[in-house]
Amino acid sequence: MNKQNKKIGIALAVLAVLAVIFAAVYFFNRPQGTAGDKTIEVAVIFGDGTSKSHTIQTAEEFLRGALEQEKIVSGEESQYGLFVKTVDGVTVDDSKQEWWSFTKDGQMLETGVDTTPIADGDHFEITLTAGY
């Protein structure tokens, strides 16, 4: 084996080890839902400023399950999970660059509805937003 091939082999081995380490770190630090019954509040804020409040009692561990249980959201499946297009019967208008913004206690969520864990007493807001 020449020197160049040896360096490439070492580099590939190091990359493989790093990939395993990153996968393990993600596995142990990924969002975890809370098991058991819980009650959460969800406020839906429409484009005209009106709102509707939902109190959801659920055993679901993630936001998507709780919202679908109450038939509040629907959308399209993507590689990242559910892309929410409709909330409380209101569907976004892509020509107006509308989208649904998800926040928890006023703070933008860093996860999608599929991977947002919920706990008893959580409060979420879903706001119809215009402009990308």
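Residues numbered from 1 in each chain as written. Predicted model: local features only at pLDDT ≥ 70, side-chain atom pairs only at ≥ 80, totals over all residues. Heavy atoms only, no water.

## Here's the deal with the overall build of the protein
For clarity, the cut-off: Helix and strand labels come from DSSP, where a helix needs a run of H or I of at least four residues and a strand needs a run of E of at least two; each type is numbered from the N terminus. Relative accessibility thresholds used throughout: buried, under 20% of the residue-type maximum; exposed, over 50%; partly exposed, between the two (1.4 Å probe, protein chains only). Contacts are assigned to residue pairs with any non-hydrogen atoms lying within 4.5 Å of each other. Per-residue and other accessible areas were derived by the Shrake-Rupley procedure at a 1.4 Å probe size, with only the shown protein chains allowed to occlude residues.
Along its length, the protein carries two helices and eight strands. The N-to-C order of helical and strand elements in the protein reads α-β-β-α-β-β-β-β-β-β. Taken across its 132 residues, the protein has 28% of its residues classed as buried. Here the analysis covers contacts within the protein between residues at least 6 apart in sequence; of these, 52% occur between residues at least 24 apart. For the protein, the exposed area adds up to about 8,600 Å²; of that, 57% sits on carbon and sulfur atoms.

## Side note on the pattern of salt bridges
Spelled out, the test is: Any Lys or Arg side-chain nitrogen located within 4 Å of an Asp or Glu carboxyl oxygen qualifies as a salt bridge.
On inspection of all chains with the given rule, the structure shows five salt bridges. Salt bridges sharing partners connect three or more residues here, namely R64, E68, E77 and D114.

## Focus on the sheet that holds strand β6 (residues 98-104)
Our working definition: For two strands to be treated as a pair, DSSP must find at least two bridges joining them.
Taken in spatial order, the five strands make up an open sheet running β2-β1-β8-β6-β7, and their pairing is mixed. Two strands in the sheet have a free side with no partner beyond their single neighbour: β2 (51-58) and β7 (107-108). Here seven bridges tie β6 to strand β8 (residues 123-130), and the two strands are oriented antiparallel to one another. Directly across from T103, in β8, lies its bridge partner E125.

## A word on unusual backbone geometry
Even without being a glycine, K71 presents a positive backbone phi close to 55°. A positive phi angle is found at D105, which is not glycine, with a value near 50°.

## Quick look at the sheet that holds strand β3 (residues 73-78)
Picture the strands of a sheet paired through backbone hydrogen bonds; they go either parallel or antiparallel. The three strands are arranged β3-β4-β5 in an open sheet whose pairing can be described as antiparallel. Each of the sheet's edge strands pairs with one partner strand only, and the pair in question is β3 and β5 (90-91). Judged from the six bridges that link them, β3 and strand β4 (residues 81-87) form a sheet pairing that is antiparallel. Bridging from a neighbouring strand, G75 pairs with V84 of β4.

## Observations regarding the pairing of β2
By the bridge criterion, eight bridges tie strand β1 (residues 38-45) to β2 in an arrangement that is antiparallel. Paired with K38 across the two strands is T58, which belongs to β2. Turn length for the β1-β2 hairpin, with the two strands adjacent in sequence and antiparallel, is five residues, and the turn residue G49 shows positive phi of about 95°.

## Thoughts on a nonpolar patch on the surface
Test applied: Grouping into patches uses exposed residues only, defined as over 30% relative accessible area, and leaves out salt-bridged ones; the cut-off is 9 Å for like charges and 5 Å for nonpolar side chains (Val, Leu, Ile, Met, Phe, Trp, Tyr).
Residues I8, L12 and L15 make up a contiguous nonpolar surface patch of about 290 Å² in total accessible area. By secondary structure assignment, the location of L15 is in helix α1 (residues 3-29).

## A look at the nonpolar core
Note the cut-off: Buried Ala, Val, Leu, Ile, Met, Phe, Trp, Tyr and Cys residues that are joined via side-chain atoms within 4.5 Å together make up what is termed a nonpolar core.
One finds L63, L67, W100 and F102 to be the most contacted residues of the largest nonpolar core, which totals 22 residues. Of all the secondary structure elements, the ones that give two or more residues to this core are β1, α2 (63-69), β4, β6 and β8. Contact partners of L67, with chain neighbours within four places excluded, come to V42, I56, I72, V73, F102, V113 and I126.

## Quick word on the environment of T50
The condition that has to hold: Polar contacts, as used here, are pairs of N or O atoms within 3.5 Å; protein pairs need one atom able to donate a hydrogen and one able to accept it. Residues neighboring in sequence count only if both atoms are side-chain atoms.
Summarising the element assignment, T50 is placed in the loop between β1 and β2. Overall, the relative accessible area of 42% leaves T50 in the partly exposed class. The contacts of T50, once residues within four sequence positions are left out, are V44 and I45. There is a polar contact of 2.6 Å between the side chain of T50 and the side chain of D48.

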